[in-house]
Amino acid sequence: MKLVLIGSGNVAKTLAVLFKHAGHELLQVYSRDETKASEFGEALGVPYTSHWQQINPDADLYIIAISDSALTEIGRYISLPGKLVVHTAGTVSREVLSGISDRYGVLYPLQSLRGSAPVTAQFPFLINASKPTDIELLTNLVSSVGADFQIVDDEQRARMHLAAVWVNNFPNLFYGIAYNLCEENKTEFKLLLPLIRETALRMDGSDPAKWQTGPASRGDGGTIKAHLDMMKNHPDWQQIYSILSEEIKMEVDNSIR
């Protein structure tokens, strides 16, 4: 499949490498920043441009991997009638592209892609398109890289994005709190890494509630109070701890009924 990547951020770079390695032909990359465009294109050995009017018109698929706010404006700059155009955003409707082409959709990678951190495993995609034949085309594309996928509408994708925040962004905040607790206590945060890995590796797609452990799950009020006392200099952490402990208690109570 012949592709054009529009954008030069982490998502664009990851998808460009992924699809190029799978044998798809990358015709061109675009960035509004000429330096970023040249760096991106030269790294991949493909043509590049920083001018909308120079976007190659011969691709089978145009993947727009830019910020959510920029997506609402892109229809002012390009028109690709008859071409399949998709964006990669988690919460933006596919309809934002309807003014660019009558063939439009979404190719959302369900993974955290940030900075120079490598992607350590395959990741799935949420896909959709305005025409059934284009859904099939996107299905074939993601299947070519061995990726799982699900065809979802805009609301389902937005709600999955919300679920992703719960499993990715919030745990990362908790890791940060744990790191600071270790620093204050002069203990090694790295000693918690086996526990972090074990917790993640237990997940098998079924209800994670069955793996819940800890003082809240067993109704150990004494330990909870002791933990709260240890965080007396961090009232915000105490509040988070208390709210989550109550949620775990309710989860346990509901499972018993």
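Residues numbered from 1 in each chain as written. Predicted model: local features only at pLDDT ≥ 70, side-chain atom pairs only at ≥ 80, totals over all residues. Heavy atoms only, no water.

**What about the overall build of the protein?**
Within the protein one finds 8 helices and 8 strands. Relative to its full complement of 257 residues, the protein shows a buried share of 34%. Long-range pairs, those at least 24 residues apart, make up 49% of the contacts in the protein with a sequence separation of at least 6. Looking at the protein as shown, the accessible area adds up to about 15,400 Å², and 53% of this sits on carbon and sulfur atoms. A gap of 3 Å separates the mean positions of the 23 positive and 30 negative side-chain charges of the protein. (Helix = DSSP H or I, 4+ residues; strand = E, 2+ residues; numbered from the N terminus. Buried < 20%, exposed > 50% of the residue type's maximum accessible area, 1.4 Å probe, protein only. Contact = heavy atoms within 4.5 Å. Areas by Shrake-Rupley, 256 points an atom, 1.4 Å probe, with all protein chains shown as cover. Lys, Arg positive; Asp, Glu negative; His and termini not counted. Charge placed at Lys NZ, Arg CZ, Asp CG, Glu CD.)

**Remarks on the pairing of strand 5 (residues 84-87)**
Consecutive side chains along a regular strand alternate between the two faces of the sheet. The alternating pattern of strand 5 places Leu84 and Val86 and Val85 and His87 on opposite faces, both of which are buried. Pairing geometry for strand 4 (residues 61-64) and strand 5, over 4 bridges, is parallel. Note that in strand 5 the partner of Ile63 across the bridge is Val86. Note: strand 5 against strand 6 (residues 103-109), 4 bridges, orientation parallel. Its bridge partner being in strand 6, His87 is matched across the sheet by Val106. (Pairing = 2+ DSSP bridges.)

**Comments concerning the sheet that holds strand 1 (residues 2-6)**
Strand order across the open sheet formed by 8 strands is 3-2-1-4-5-6-7-8, with mixed pairing between neighbours. Each edge of the open sheet is held by one strand with a lone partner, namely strand 3 (48-49) and strand 8 (149-151). Pairing of strand 1 with strand 4, which is carried by 4 bridges, proceeds in the parallel orientation. Paired with Ile6 across the two strands is Ile64, which belongs to strand 4.

**What about the packing of aromatic side chains?**
Throughout the structure, instances matching the rule amount to 6 aromatic pairs. Ring centres 6.3 Å apart and planes at 25° place the aromatic pair Phe19 and Phe125 in the stacked group. Pair noted here: Phe19 is in helix 1 (residues 10-21) and Phe125 is in strand 7 (residues 125-129), with a separation of 106 residues, a long-range link. With centroids separated by 4.2 Å and ring planes inclined at 25°, the aromatic side chains of Tyr30 and Trp52 adopt a geometry described as stacked. Taken as a pair, Tyr30 in strand 2 (residues 25-30) and Trp52 in the loop between strand 3 and strand 4 lie far apart in primary sequence, 22 residues in all. (Phe/Tyr/Trp six-rings, centres within 6.5 Å; stacked < 30°, edge-to-face > 60°.)

**Details of a nonpolar patch on the surface**
On the surface, Leu162, Trp166, Val167, Phe170, Leu173, Phe174 and Leu244 cluster together to form a nonpolar patch covering roughly 670 Å² of accessible area. Looking at which element gives the most residues to the nonpolar patch, the answer is helix 5 (residues 154-185), with 6 residues. Turning to its location among the elements, Val167 is positioned in helix 5. (Patch = residues over 30% accessible without salt bridge, like charges linked within 9 Å, V, L, I, M, F, W, Y side chains within 5 Å. Salt bridge = Lys/Arg side-chain N within 4 Å of Asp/Glu carboxyl O.)

**Re the pattern of salt bridges**
Proximity of charged atoms lets side chains of opposite charge pair with each other. Counted under the stated rule, the structure contains 11 salt bridges. With a shortest N-O distance of 2.5 Å, Arg157 and Asp154 are connected by a salt bridge. Of this pair, Arg157 and Asp154 both sit in helix 5, 3 residues apart, which is roughly one turn of that helix. Using a relative accessible area of 26% as the deciding quantity, one classes Asp154 as partly exposed. Measuring nitrogen to oxygen at the nearest pair gives 3.4 Å for the salt bridge that ties Asp204 to Lys210.

**Structural notes on a negative patch on the surface**
Taken together, the side chains of Asp33, Glu34, Glu39 and Glu42 define an acidic patch exposed on the protein surface. Inspection of the secondary structure assignment puts Glu42 in helix 2 (residues 34-44).

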